[in-house]
Amino acid sequence: MLASKKCAALPSTSICSRSVAPLRPRLSGKRSSVAAKVAVIDVTDKTFQSDVIQAPSVPVLVDFWAPWCGPCQMIAPMLDEIQAEYKERVKCVKLNTDESPQVATDYGIRSIPTVMIFKDGKKMDTIIGAVPKASLIKAMEKYM
């Protein structure tokens, strides 16, 4: 129990590095074979407007995450699967809040993981925390 508290408080400790080692595929840019054909893309403060706000009329799921966040690593494969299953009917993107803090600040992100759903340039829904894949799909399908 103490190790997990230390990990959350000090993400650069060796304890934290060991605890998230099995979750490294997201950090290295590798994708599961399920999502190999249609990948979740990275967005930044600079590309958020064009990749999310100006996206075609499909729901856009934005995963606000950070590399040191264990629950963020847990939902990453779910978004890969959703993108692979729904293909062009949905767009999944991820925004690293450490590298692109402005968008996170603009949308009031206080906890990660947070998934926001946008459609036609408007924020439609917010899901906070590591939720089951079914919860993400149910929220997304309301806007399809």
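Residues numbered from 1 in each chain as written. Predicted model: local features only at pLDDT ≥ 70, side-chain atom pairs only at ≥ 80, totals over all residues. Heavy atoms only, no water.

- An unreviewed UniProt entry lists the protein under the name Thioredoxin M2, chloroplastic-like protein, with Dunaliella salina as the source organism.

## Considerations on the state of the cysteines
Item 1. Applying the stated criterion across every chain, the model contains 1 disulfide.
Item 2. Here C69 pairs with C72 through a disulfide, and the sulfurs are 2.4 Å apart. Classification of the bridge connecting C69 and C72 rests on its S-S torsion, roughly 80 degrees, and on that basis the disulfide is right-handed. Considered together, C69 and C72 belong to a single accessibility category, that of buried residues. (Disulfide = S-S within 2.5 Å. Buried < 20%, exposed > 50% of the residue type's maximum accessible area, 1.4 Å probe, protein only.)

## Remarks on the nonpolar core
Item 1. If you look at the biggest cluster of nonpolar residues, it comprises 18 residues, and the most contacted ones within it are L61, L79, I82, I117, I127, L136 and M140.
Item 2. Listed by contribution, the elements that provide at least two residues to this core are α5 (70-86), β4 (114-119) and α7 (133-141).
Item 3. Considering each element in turn, this core owes the most residues, 5 residues, to α5.
Item 4. Setting aside residues up to four positions removed in sequence, I117 forms contacts with P59, V60, L61, K122, K123, M124, D125, I127, A139, M140 and Y143.
Item 5. Counting 15 residues, the second-largest nonpolar core is a separate cluster that includes F48, A55, V103 and A104. (Core = buried A, V, L, I, M, F, W, Y, C linked by side-chain atoms within 4.5 Å. Helix = DSSP H or I, 4+ residues; strand = E, 2+ residues; numbered from the N terminus. Contact = heavy atoms within 4.5 Å.)

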